[in-house]
Amino acid sequence: MMKFAAGGVALLGGGCGDGVRAGRSGKPLVAATTTMVGDLARSLGGEGVEVSALMGPEVDPHLFKPGQRDVQLLRGAEVVMYGGLHLEGRMAEMLERMERHGGRVFAVSEGLRAGSVIEADGAHDPHIWGDASMWADAAGYAAGRLAGYFPGRAEEMRARGEEVVAALRGVHERLKGRAEEVPEGRRVLVTSHDAFRYFGRAYGFEVLSVQGIATVSEAALADMARISGVIRARGIKAVFVESSVSPATIKRISEETGAVLGGELCSDALGAPGEMVDAGGRMVDKGTVGGMLEYNMDTIVRALR
Ligand SMILES: [Zn+2]
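These remarks concern the structure in this document. Position numbers for residues start from 1 in each chain and track the written sequence from start to end. Only residues with pLDDT of at least 70 are given local features in this predicted model, and only at 80 or more are side-chain atom pairs given and counted; all residues enter the totals for whole chains, interfaces and linings. The basis for every side-chain value is the complete set of non-hydrogen atoms in the structure, without hydrogens or water.

**Some points on the nonpolar core**
Buried together is how nonpolar side chains tend to be arranged in soluble globular proteins.
Link 1 in the chain: Here the nonpolar core consists of buried residues drawn from Ala, Val, Leu, Ile, Met, Phe, Trp, Tyr and Cys, with membership extended through side-chain atoms lying within 4.5 Å. Any residue under 20% of the maximum accessible area for its type is buried, any over 50% is exposed, and the rest in between are partly exposed; the area is computed with a 1.4 Å probe on protein chains only. Counting residues in hydrophobic clusters, the biggest one holds 60 residues, and the most contacted among them are M81, V108, W135, F199 and Y203.
Link 2 in the chain: Only DSSP runs of H or I reaching four residues or more are called helices, and only runs of E reaching two or more are called strands; each is numbered from the N terminus. Within the residue set of this core, elements represented by two or more residues are β1 (29-32), α1 (35-45), β3 (79-82), α4 (132-149), α5 (154-179), α6 (197-203), β9 (238-242) and α9 (289-304).
Link 3 in the chain: Here the element with the most residues in this core is α4; it accounts for 11 residues.
Link 4 in the chain: Source of the domain bounds: an automatic or database domain assignment. Lining this core are residues from two domains, each supplying at least three of them: domain 1 (29-172) and domain 2 (180-304).
Link 5 in the chain: Contact criterion: two residues are considered in contact whenever any of their non-hydrogen atoms come within 4.5 Å of each other. With near-sequence residues (within four places) excluded, V108 lies in contact with V37, L40, M81, Y82, G83, W135, A138, Y141 and A142.
Link 6 in the chain: Within the second largest apolar cluster, 16 residues are counted, among which are A31, F64, L95 and M98.

**Some remarks on helix α8 (residues 248-257)**
Link 1 in the chain: Turning to α8, its buried residues are T249, I250, I253, S254 and T257. One side of α8 carries all its buried residues, which in axial view fall inside an arc of 140 degrees.
Link 2 in the chain: Looking at the residues trailing α8, positive phi occurs at G258, about 85 degrees. As used here, the arc is the angular range of directions from the helix axis to the C-beta atoms.

**Examining unusual backbone geometry**
Link 1 in the chain: Located in the positive-phi region is L85, a residue other than glycine, with phi close to 55 degrees.
Link 2 in the chain: Structurally, L85 is set in the loop between β3 and α3 (92-100).
Link 3 in the chain: Looking at L85, the relative accessible area reads 23%, which means it is partly exposed.

**Structural notes on the sheet that holds β3**
Link 1 in the chain: Strand pairing requires that DSSP identify at least two bridges connecting the strands. Taken in spatial order, the 4 strands of this open sheet run β2-β1-β3-β4, and their pairing is parallel. One side of each edge strand has no neighbouring strand; the edge strands of this open sheet are β2 (50-53) and β4 (105-107). The mean angle between the axes of side-by-side strands here comes to 20 degrees, regardless of whether they run parallel or antiparallel.
Link 2 in the chain: Here β1 pairs with β3 via 3 bridges, running parallel. By the bridge assignment for β3, A31 is matched with V80.
Link 3 in the chain: Every axis corresponds to a line fitted to the C-alpha atoms, with the helix fit spanning only the stretch in contact, and the corresponding angles, defined between N-to-C directions, vary from 0 to 180 degrees. Each of β1, β2 and β3 is contacted by helix α2 (residues 68-76), which is oriented at about 135 degrees to β1, the strand it contacts most.

Dropping the structure here:
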């Protein structure tokens, strides 16, 4: 049975007195913002909950503006999970307000180790899923929070949390191994927006991007010229477009410099759940954070090595 809060009431859903907020399946509903957070919620929640993500594949979280249906989904959810660090630019204030007012709402980035968040241009970089070991920390934290919200399933959720953390640590080790297939001097990743700082730090790539951390600003001509200069000077073989960002700028840089288009990376959105792709001889699910990272790494390695 659908159960939405009546207009104007209980946006902040304290979770007391009104029973369990159920999804279409009748199971308690966990709402997630991005595809990455949705994947985490599904793998931690298991059969016991229904997960609904606001954003689908190819949706840019920096620009996403919730519609009325999205707000209803948030109101109707038992728990709301989001990325945080201002990833959901146009929803951040609303989510933080819900959290402050005692809603069952949390950002997975709250679980990161002190000092691990990258600061750039006076802001926190929200693209933490680029480093599988940091996403593992976020997963462990999220498992604990969900276990607290669903005491009847706490043990199951904690056990799932341990599995998810271990799997992500495995992905992290494989990614480190694959990065070494690219000679050190060639580990330069040119993309449209600055979504790969954590990936670069974890796996040893220098990252150059035309736009900043958010996708809001248009690429300035001066930045394009600067990056084209670096590509020519260093003989960088390939540049990469992103699935959730317009490819126009990167295509222009490719035409200007002769660097080939190395492929399409998933930066701020995963593929569709269950979209199986080959990543260097391993079939991986591009709709999961681990699978997406292995797919990205394979694309990068094949283009740059
Ligand atoms: Zn981004």
